[in-house]
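Commentary on secondary and tertiary structure
These are the residues of each chain, in order.
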2 protein chains.
Amino acid sequence: MTEPLAPGATIGILGGGQLGRMLSMAAARLGYKTCIFDPAGDCPASHVANYHLKAAYDDAGALEQFAQSCDVITFEFENIPTAALDILERHRPIRPGRDALRISQDRLTEKRWLADLGLTPAPFADIPDRAALDAALADLGTPAILKTRRFGYDGKGQVRIDDASQSGAAFDAMQGAPAILEGFVAFEREISVIAARGLDGAVACYDPGENVHRDGILHTTTLPAQIPHGLATDAVLLASRILTALDYVGVMGIELFVTPRGLLVNEIAPRVHNSGHWTQNGATIDQFEQHIRAVAGLPLGDGARFGDIVMENLVGDYADRLDAILRDPTAALHLYGKSEPRPGRKMGHVNRRVG
Amino acid sequence: MTEPLAPGATIGILGGGQLGRMLSMAAARLGYKTCIFDPAGDCPASHVANYHLKAAYDDAGALEQFAQSCDVITFEFENIPTAALDILERHRPIRPGRDALRISQDRLTEKRWLADLGLTPAPFADIPDRAALDAALADLGTPAILKTRRFGYDGKGQVRIDDASQSGAAFDAMQGAPAILEGFVAFEREISVIAARGLDGAVACYDPGENVHRDGILHTTTLPAQIPHGLATDAVLLASRILTALDYVGVMGIELFVTPRGLLVNEIAPRVHNSGHWTQNGATIDQFEQHIRAVAGLPLGDGARFGDIVMENLVGDYADRLDAILRDPTAALHLYGKSEPRPGRKMGHVNRRVG
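Remember, it's a predicted structure, so these values are computed and weren't measured experimentally.

Our next topic: the relation of the copies chain B and chain A. Placing chain B over chain A gives an RMSD of 0.0 Å and needs a rotation angle of 180 degrees, together with 0.0 Å of translation along the axis. The transformation relating the two chain copies, once decomposed into turn and shift, fits a two-fold axis. Measuring from the rotation axis to each C-alpha of chain B, the shortest distance belongs to B:Val48, at 1.9 Å. Of the residues that chain B buries at the interface, 100% are likewise interface residues in chain A, meaning the two copies contact each other through the same surface.

For the structure shown, the criterion picks out 49 salt bridges over all chains. A salt bridge links B:Lys147 to B:Glu182; the shortest N-O distance between them is 3.1 Å. Of this pair, B:Lys147 sits in strand E6 (residues 144–148) while B:Glu182 sits in strand E8 (residues 179–183); the two residues are 35 residues apart in sequence, bridging distant segments of the chain. For the pair B:Lys147 and B:Glu182, one class covers both residues: buried. Where B:Arg327 meets B:Asp323, a salt bridge forms, and the shortest distance between an N and an O atom there is 2.8 Å. Here the residue B:Arg327 and the residue B:Asp323 both occupy positions in helix H11 (residues 322–327), the gap between them amounting to 4 residues, near one helical turn. Judged by its relative accessible area of 39%, B:Asp323 falls in the partly exposed class. A cluster of three or more residues bridged by salt bridges with shared partners is formed by A:Arg29, A:Asp286, A:Glu289 and A:Arg293.

Now for the pairing of strand E16 (residues 331–335) of chain A. Residue and element names in this part refer to chain A. Counting buried positions along E16 gives 5 out of 5 residues, so the element sits mostly inside the fold. Burial of the side chains of E16 extends over both faces: Ala331, Leu333 and Leu335 are buried on one face and Ala332 and His334 on the other. Inspection of the sheet shows E16 paired to strand E17 (residues 346–353) by 5 bridges, in the antiparallel sense. Directly across from alanine 331, in E17, lies its bridge partner arginine 352.

Conventions we followed
Residues numbered from 1 in each chain as written. Chains lettered and ligands numbered in written order. Predicted model: local features only at pLDDT ≥ 70, side-chain atom pairs only at ≥ 80, totals over all residues. Heavy atoms only, no water. Least-squares fit on C-alpha atoms with pLDDT ≥ 70 in both. Contact = heavy atoms within 4.5 Å. Salt bridge = Lys/Arg side-chain N within 4 Å of Asp/Glu carboxyl O. Helix = DSSP H or I, 4+ residues; strand = E, 2+ residues; numbered from the N terminus. Buried < 20%, exposed > 50% of the residue type's maximum accessible area, 1.4 Å probe, protein only. Pairing = 2+ DSSP bridges.

Okay, here's the thing in structure tokens:
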């Protein structure tokens, strides 16, 4: 399929969390139907989708059925099993493609790929065994962070090492999972750029946002980021290089460290990204519609921002804050329809116009 | 229920067209589930709702089931059969309430009620029979419009009379349906005000928009309307009087004629309104969320507009315009998921930022 997807077509989305939910609503605005594939029964995206196929990611029959019910397939998370992709790809295009998934599923592969592309990831070392960890700590110094190569998110699968004496405990905490050590980056700020690439190769970027984390989870993204114009340009050029190298189709979130030596690439996410949620209330075409446009082969929005904005995540129990948020005339609330507000769980976010 | 509806509750929506669709997405943003009641199988709202109860409005069992699956009930159209309301009301609150429906379902009742409230409707006369029509034409003059008292929308159920000699044909065209004659209003422009009233009695209005119709169907709404500030104030005061008199809960669309003698009330619609679609891209809280907030007993948004905007309806076949709309950086597209672009059918709309 290289023709634009006509209204009425169905977009399949792997993963039914909040990102799938907001993708589904954006697809509806463009006249598309959506089919969500997710093992969980009452998942957030299922509330606003045409169909929900409730099945496990290793259920070959369900994956076949899913693929045949869609015109194109996308996803809201990068850790999709390779075997599932093999099945799906036989029937329908998957966008973004497998290269982006392969690279972003493994921190070591990602960092090596970024370095090969001429970009600067945070300093890192492969940690196949305990001896490698001790050598890497001697090389990169402390503090440093030991991370599993795969399946980490929101601070999970990570251990901070402040002193070389902690290396044994940190290594054991990985429970034998392949890991990498990341050296400490004395960054001034963390920014992220939400970039998109269309089926025609066009690239569009939103203004970089400035991120603040709390307990390993994104807390706020503020637009504009307090960075010189030149750095914003660097971020766009760097994003364009990454997307083009991957022949990428869709939205990507790229987390960057601003350092005295320039921009370091912290992480790439081949999907819509939490730090791009501000676009819902600060840009005519938000990141969710931008992703759907790309995946559907439509022209991209240009990404223009029309206001200053702060996105704040609502993590855990937010009930006692709800009334104040609803009464704040600058605040746009976006809840995810999750029933249990567990600690550390993203329940929604608020976009506040600050200018 | 006077407590605010907690996230996770279910809002029932009678009618599954584009208004129900956009209400459903707004409800989802606030963490609510939605259940759509509509006889049509693949109706626009069903694509983005948790549940769709496909049944006729005279199916008592289905109405019972619907009411029991919801915490509160609202609607996207005013012509709901009274018998259906009787059944629903036994189980759950209906918002807005029945007074607003009773009045707006009948053009004659509506105009008399507005006049009793001290407002000025367009000149009108009750037309129980042919003699009354001839008398009314002599009184109100021509041109005039003969309209059925009930079930008219988008120019349907209306006949224009340019000369008294046409009265016989016009009367016959009503096919015996109760009718009213509306006198010609030499208006300078038509505006509408989208107003909301909360469960606590608070009233919030959006800036009036200026409407242009084409073939009896709304073509564009432009913000701001080119009217003096004083008239905008009059519109707000008038809206507030209407909503408060009805003890109204929800969003109402009020169409007004701007005349040399001030504002005339053309029509009220006890629901979200086509002329309020601009709020999706021109206000932090759009009319759909505003309605859901009211119905759920939440605080209203203040209605502030943050940009100049033109809403244009996409009526009938729009396929050859789609690419240009998608490439227009000022344009936000909202399609309704309808499969057949029949002439006169509203398929979507575009909000364009013009400042």
